[in-house]
Amino acid sequence: MHQFRKPKRFVADTLHRYSPRGLLLYFLPMSLIPATFIALGKGYLPGVLVNASGFALYMLAAWCVRQGLQAEHVYTQSRIARPPKWPLKMIAAIITALTTGMIAWLGALHSLPVALLFAGGAFLGMYLSYGFDPLKEKNIVVAHGYSRDEILKTLEDSSRIIRSIEQASDRIRNTELNQRIERICGIADDILAEIEADPRDIRRARKFLNVYLDGARQVTEGYAKAHPQTQSGELEQNFRNVLETIESVFQDQHKKLLEEDVFDLDVKIEVLTTQLKREGIL
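Residues numbered from 1 in each chain as written. Predicted model: local features only at pLDDT ≥ 70, side-chain atom pairs only at ≥ 80, totals over all residues. Heavy atoms only, no water.

Some points on helix α6 (residues 112-130)
Stage number 1. The end-to-end C-alpha distance of α6 is 27 Å, a good match for the 27 Å that 19 residues give at a rise of 1.5 Å each.
Stage number 2. What α6 keeps buried is the set Ala 115, Ala 119, Ala 122, Met 126 and Tyr 130. Looking straight down α6, one finds that the buried residues subtend no more than 60 degrees of arc, so they occupy a single side. Opposite the buried face of α6, by more than 90 degrees, sit the exposed residues Pro 113, Leu 116, Leu 117 and Leu 128.
Stage number 3. Following α6 by one or two positions, Gly 131 has its phi on the positive side, about 70 degrees. (Helix = DSSP H or I, 4+ residues; strand = E, 2+ residues; numbered from the N terminus. Expected span 1.5 Å × (residues − 1). Buried < 20%, exposed > 50% of the residue type's maximum accessible area, 1.4 Å probe, protein only. Arc of directions from axis to C-beta.)

Focus: the packing of helix α7 (residues 148-169) against helix α8 (residues 175-197)
Stage number 1. Running from N to C, α7 and α8 cross one another at 170 degrees; their axes reach a closest spacing of 10 Å. Considering their axes alone, α7 and α8 lie roughly antiparallel with respect to each other. Here α7 contributes Leu 155, Ser 158, Ser 159, Ile 162, Arg 163, Ile 165, Glu 166 and Ser 169 to the contact with α8, which in turn contributes Asn 178, Ile 181, Cys 185, Ala 188, Asp 189, Leu 192, Ile 195 and Glu 196. (Axes fitted to C-alpha atoms, helices over the stretch in contact; angles between N-to-C directions. Parallel < 35°, antiparallel > 145°, perpendicular 65-115°, else oblique. Contact = heavy atoms within 4.5 Å.)

Comments concerning the nonpolar core
Stage number 1. Among the nonpolar cores identified, the biggest contains 33 residues, and Leu 213, Phe 239 and Phe 250 are the most heavily contacted of them.
Stage number 2. Of all the elements in the fold, those that place two or more residues in this core are α7, α8, α9 (202-226) and α10 (233-258).
Stage number 3. The element that contributes the greatest number of residues to this core is α9, accounting for 10 residues. (Core = buried A, V, L, I, M, F, W, Y, C linked by side-chain atoms within 4.5 Å.)

Quick look at unusual backbone geometry
Stage number 1. Located in the positive-phi region is Leu 109, a residue other than glycine, with phi close to 65 degrees.
Stage number 2. The residue Leu 109 is located in the loop between α5 (88-107) and α6 in this model.
Stage number 3. Classification of Leu 109 as exposed rests on a relative accessible area of 61%.

Notes on the packing of α5 against α6
Stage number 1. Remark: α5 packs on α6, axes separated minimally by 8 Å, with the N-to-C direction vectors making an angle of 150 degrees. Classified by the angle between their axes, α5 and α6 sit roughly antiparallel to one another. Of the two elements, α5 crosses α6, and the hand of that crossing is right-handed. For the pair α5 and α6, the contacting residues are Lys 89, Met 90, Ala 92, Ala 93, Ile 94, Thr 96, Ala 97, Thr 100, Gly 101, Ala 104 and Trp 105 in the first and Leu 112, Ala 115, Phe 118, Ala 119, Ala 122, Phe 123, Met 126 and Tyr 130 in the second.
Stage number 2. Across the contact of α5 with α6, the residue classes tally to 15 nonpolar, 3 polar and 1 charged. (Left-handed = near helix turned anticlockwise from the far one by under 90°. Nonpolar A, V, L, I, M, F, W, Y, C, P; charged D, E, K, R; others polar.)

Thoughts on α8
Stage number 1. If you check α8, its first and last C-alpha atoms are 33 Å apart, about what 23 residues at 1.5 Å a residue would give, namely 33 Å.
Stage number 2. The backbone nitrogen of Glu 176 lies 3.1 Å from a side-chain oxygen of the residue at the head of α8, namely Asn 174. (Polar contact = N/O pair within 3.5 Å; in protein donor to acceptor, adjacent residues only side chain to side chain.)

Quick notes on the pattern of salt bridges
A side chain with one charge may pair with a side chain of the opposite charge, provided their charged atoms come close.
Stage number 1. Applying the stated criterion across every chain, the model contains 12 salt bridges.
Stage number 2. Notably, a salt bridge pairs Arg 163 with Asp 189, separated by 3.0 Å at the nearest N-O pair. Highlighted residues: Arg 163 in helix α7 and Asp 189 in helix α8, separated in sequence by 26 residues.
Stage number 3. Residue class for Arg 163 comes out partly exposed when judged on its relative accessible area of 25%.
Stage number 4. Here Asp 189 falls in the buried class, since its relative accessible area comes to 6%.
Stage number 5. Beyond isolated ion pairs, a larger network of salt bridges with shared partners links Arg 180, Arg 183, Glu 244 and Glu 247. (Salt bridge = Lys/Arg side-chain N within 4 Å of Asp/Glu carboxyl O.)

Side note on the side chain of Thr 220
Stage number 1. Its location among the elements puts Thr 220 in helix α9.
Stage number 2. From its side chain, Thr 220 meets the backbone oxygen of Ala 216 in a polar contact 2.8 Å long.
Stage number 3. Not counting chain neighbours up to four residues away, the residues in contact with Thr 220 comprise Ile 165, Ala 168, Ser 169, Ile 172, Ile 181 and Phe 239.

Put into structure tokens, the structure is as follows:
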């Protein structure tokens, strides 16, 4: 029985997802729970509303920070990315500032100027602790014949396919095959990095990305779906043969990309397609 090993990118993303950063905000408003019940016991309705609302708003701010940090992590780790759709860290800072000011003014009964100082301090604290959301798209030089949006879409679609291959590998309990798939994904990421660095390569790489990368996804997902239902050694060997071909071609095309050579894919695409059908993977 082969030991199952998670791909490195999966492990890194999992560790970040459970990072303690931002969790403190979930604990800070806990003091508002007894304050709410004390106000309730005294029959002080404004105190109940302020403390309960403050608790709910702080928890919302904590959730926004966590989501914003995860979105920022994806943006930072991706070679090609647009900024997060929503500025969640900024939203969290605003919510925290307004909530702090509200509690200082209506809950602790400070004067409005003092409450505004508390609000400003909370906003500054959020900025110093977590920063604000990235706002700029990562620059891509426009290549002749392709618009900036076309280049970005090609790279984003290709990156999603690579991540799909990694997710399919996660369902395959075979260390050797996992390692081979991880190498294939690593080479594919390197190819995307080369295209991002010099978008003129998009002309030569687009056919490669559309045909080979998608073929690798279909092969991996097909085997991941089929192999738990059968112990066929022949199917495993067929899949291994196809992966060897894909890895070899990926390495060859990456080398040619670095050498600024023209992708001679037509014959190899036909050979790979024939092999995939013959091996019964697709």
